[in-house]
Amino acid sequence: MPGPIVHLGATVTCAHGGTAVPASTSTRVFVQGQPIALQPIPYNIAGCPFTVPPGSPMPCVTGMWTTGSKRVFSTGMPVVLFDSQSTSVPNGTPMFITKTQMRVIGS
C-alpha cells in the first residue's frame, strides 16, 4: 500500500514509548534533506521503560522492520514506509512511526 517514505528525522517509538533511531540510513537517497530508512537495517531503541513482572527489566533494545516498500528501493534494499510493520527485541512488540515527512510517497 502506498505511504510516505520514512526518513532519519521521523519520530519512531517502541510500544512502551522508548525512542527508536536507525543504526544507519541510505547514503544515496535523501528526503527533505535527510537520509531515508531502509527495511533490513535495525533500529536502536533507548529509554524503553518496560518491565515484566514489575521490577524485572525487559526493555526493547532493537527493532526490525518486517515489511517495506515493494516497488521503491535504495542500494537494492526496500525503503521503510509509514505503514511498514515491525517487531522489537527481546519482547516482540511493534515500533510506531508517529511523525514523518508527507511529501514523498512510495509503494
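Below, the structure is looked at part by part. Owing to the predicted nature of the structure, the values given are computational and were not obtained by experimental measurement.

Analysis parameters
Residues numbered from 1 in each chain as written. Predicted model: local features only at pLDDT ≥ 70, side-chain atom pairs only at ≥ 80, totals over all residues. Heavy atoms only, no water. Core = buried A, V, L, I, M, F, W, Y, C linked by side-chain atoms within 4.5 Å. Buried < 20%, exposed > 50% of the residue type's maximum accessible area, 1.4 Å probe, protein only. Helix = DSSP H or I, 4+ residues; strand = E, 2+ residues; numbered from the N terminus. Contact = heavy atoms within 4.5 Å. Pairing = 2+ DSSP bridges. Axes fitted to C-alpha atoms, helices over the stretch in contact; angles between N-to-C directions.

1. Here we look at the nonpolar core
Formed by 14 residues in total, the largest nonpolar core has its most connected members in Val6, Val12, Tyr43, Ile45, Trp65 and Met95. Of all the elements in the fold, those that place two or more residues in this core are strand S2 (11-14), strand S6 (43-46) and strand S11 (95-99). Not counting residues within four places of it along the chain, the set of residues in contact with Trp65 comprises Val12, Gln39, Ile41, Tyr43, Val80, Ser84, Gln85, Ser86, Met95 and Ile97. In terms of nonpolar packing, the next biggest core, distinct from the first, is built from 7 residues, Ile5, Val31, Leu38 and Val79 among them.

2. Here's the deal with the sheet that holds S2
With respect to topology, 6 strands assemble into an open sheet ordered S10-S7-S6-S3-S2-S11, the strand pairing being antiparallel. For this open sheet the edge positions go to strand S10 (86-89) and S11, each flanked by a neighbour on one side alone. Looking at each pair of strands side by side, their axes are set apart by 35 degrees on average, direction ignored. With 2 bridges joining them, S2 and strand S3 (residues 19-22) adopt antiparallel strand pairing. From the neighbouring strand, Val12 faces S3, where its bridge partner is Ala20.

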